[in-house]
Amino acid sequence: KKTAILISGRGSNMGALISAALNKDYPAEIALVVSNVPGAKGLERVAEFGIKTAVIDHKAFAGDREGFEKALHAELLDNNIELVALAGFMRLLTPFFVNAWSGRLINIHPALLPAFKGLATHERALEEGVKLHGATVHFVSAEMDDGPIIIQGAVPVLDTDTAETLGARVLGVEHAIYPKALELVASGKAKITGGRVKSGGSEN
Ligand code: GRF
């Protein structure tokens, strides 16, 4: 399946997906990386793999969210994209885009959803004193950090943790579960049935 990855920043999850897709048996081909941020660090990592990149700067659309999304949508269609993976993509998507890509749009979130939606997940996990934290890959719905869960990976929270050390532990899990989730979706094994994904998975 021809897959696009959408990024806004460093792109380490994108890197994990690109690495996994180098395997010829992997069911997704990373055909395009789009950033909404010109000069995003992640873009530099893509060139060496010969993957096409595009920048669609949301600021050029001056608050017109749907205009931005229409440009994004057109870029995906121009490249015959079939699946979209958000990887540190820091824009909320409207129902226009989410519905257009329903069942073909996935995201990774650095928490065990439905806990800790939104930003600063590691800080909040420490404040709440949870003993397990982790990451979730899910199909995207119109609500932020919501939608049928494909895979979750858990890590312990240690007494000595800071947001940085906990975040680094979670990031390791992200890099392990995102390629597995994309594999499940691209091969058609993970599908939404009755609002849930029946053949997803868990780590740990
Ligand atoms: C990751 O923690 C991801 O879960 C979150 O943003 C971060 C992006 O990191 N949505 P990277 O750009 O993939 O390195």
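The rules behind the values
- Residues take numbers from 1 onward in each chain, read along the sequence in its written order.
- Owing to the predicted nature of the model, reporting of local features is limited to residues with pLDDT of at least 70; listing and counting of side-chain atom pairs is limited to 80 or more, with chain, interface and lining totals taken over all residues.
- A set of buried residues drawn from Ala, Val, Leu, Ile, Met, Phe, Trp, Tyr and Cys, joined through C-beta atoms within 7 Å, is what defines a nonpolar core.
- Here exposure depends only on C-beta density: within 10 Å of a residue's C-beta, 20 or more other C-beta atoms make it buried, 12 or fewer make it exposed, and intermediate numbers make it partly exposed, the C-beta atoms being placed from the backbone.
- Under the scheme used here, helices are H or I runs from DSSP no shorter than 4 residues and strands are E runs no shorter than 2 residues, and both carry numbers assigned from the N terminus.
- We call two residues in contact if the C-beta atoms placed from their backbones are at most 7 Å apart.
- By definition, two strands form a pair when at least two bridges between them are found by DSSP.
- For every element, the axis is a line fit to its C-alpha atoms; helices are fit only across the contacting stretch, and the angle between N-to-C directions ranges from 0 to 180 degrees.
- By definition, a residue lies near a molecule or strand provided its backbone-derived C-beta atom is within 6 Å of it.
- Classes in brief: Ala, Val, Leu, Ile, Met, Phe, Trp, Tyr, Cys and Pro nonpolar; Asp, Glu, Lys and Arg charged; the others, Gly included, polar.
- As annotated, the domain borders come from an automatic or database domain assignment.
- UniProt positions are given in the numbering used here, feature names are shortened, and annotations may be inferred rather than shown by experiment.
- Here the angle decides the label: under 35 degrees means roughly parallel, over 145 means roughly antiparallel, 65 to 115 means roughly perpendicular, and every other value means oblique.
- In a left-handed crossing the near helix is turned counterclockwise from the far helix by less than a right angle, and in a right-handed crossing that turn is clockwise.

Undergrad: Looking at this model, I keep getting lost on the nonpolar core. Mind explaining?
TA: Of all hydrophobic cores here, the largest spans 58 residues; its most connected members are Ile5, Leu17, Ala87, Ile106, Ile150 and Ala181. In terms of residue count, helix H6 (residues 163-186) provides more of this core than any other element does, 10 residues in total. Setting aside chain neighbours within four positions, we find Ile5 in contact with Met14, Leu17, Ile30, Val33, Ala85 and Ala87.

Undergrad: Sorry if this is basic, but what is going on with the sheet that holds strand S1 (residues 2-7) here?
TA: The pairing of strands in a sheet happens through backbone hydrogen bonds and is either parallel or antiparallel. Taken in spatial order, the eight strands make up an open sheet running S3-S2-S1-S4-S5-S6-S7-S10, and their pairing is mixed. The outermost strands of the open sheet, each flanked by one partner alone, are strand S3 (52-55) and strand S10 (201-203). Across the sheet, the mean angle from the axis of one strand to that of its neighbour is 20°, orientation sign disregarded. Direction of pairing for S1 relative to strand S2 (residues 29-35): parallel, over a ladder of six bridges. Paired with Ile5 across the strands is Val33, a residue of S2. Sheet strands in contact with helix H1 (residues 12-21) are S1, S2, strand S4 (83-86) and strand S5 (105-109), and its direction is about 160° off that of S2.

Undergrad: Any chance you could explain the site of the ligand here in plain terms?
TA: In the vicinity of the ligand there are 14 residues, among which Arg10, Ser12, Asn13, Gly88 and Pro110 approach most closely. If you list the elements that add at least two residues to the shell around the ligand, you get H1, S5 and H6. Per-element accounting of the shell around the ligand gives the leading share, three residues, to H1. The class makeup of the residues in the shell around the ligand is five nonpolar, seven polar and two charged. There are two domains that each give the shell around the ligand at least three residues, and those are domain 1 (1-101) and domain 2 (109-136 + 150-204).

Undergrad: Which parts of the structure should I look at to understand the UniProt feature "domain: Formyl transferase N-terminal" (unreviewed entry) in the protein chain?
TA: UniProt records the feature "domain: Formyl transferase N-terminal" (unreviewed entry) at residues 1-182, using the numbering of this structure. Within the segment residues 1-182, helix and strand shares are 35% and 23% respectively, and the terminal C-alpha atoms sit 10 Å apart.

Undergrad: Would you take a moment to explain the packing of H1 against H6 for this structure?
TA: When two helices pack together, their arrangement is given by the angle between the helix axes and by the axis-to-axis distance. The interhelical angle for the contact between H1 and H6, taken along N-to-C directions, is 45°, at an axis separation of 9 Å. Relative to H6, the element H1 lies oblique. Our pair here, H1 against H6, has a crossing hand that is right-handed. Along the contact surface, H1 presents Ser12, Asn13, Ala16, Leu17 and Ala20, while H6 presents Leu171, Glu174, His175, Tyr178, Pro179 and Leu182. When its residues are assigned to classes, the contact of H1 with H6 shows seven nonpolar, three polar and one charged.

Undergrad: It is not clear to me how the UniProt feature "active site" (unreviewed entry) in the protein chain should be interpreted in this structure. Could you clarify?
TA: Those residues carrying the UniProt feature "active site" (unreviewed entry) are His109 in this numbering. Among the secondary structure elements, His109 is positioned in strand S5. Non-local contacts of His109, meaning those with residues more than four positions away in its chain, are made with Ala135, Thr136, His138 and Asp145.

Undergrad: Just checking my understanding: could you explain the domain arrangement of the protein chain for this structure?
TA: A common way to state how big an interface is: give the accessible area lost once the parts meet. When its domains are assigned, the protein chain resolves into domain 1 (1-101) and domain 2 (109-136 + 150-204). Measuring from the centre of the C-alpha atoms in domain 1 to the corresponding centre in domain 2 gives 21 Å. Each partner contributes to the interface: domain 1 provides 12 residues, whereas domain 2 provides 10 residues. Counting residues per element, the side of domain 1 that touches domain 2 draws most heavily on H1, which supplies five residues. Split by residue class, the side of domain 1 that touches domain 2 holds eight nonpolar, three polar and one charged.

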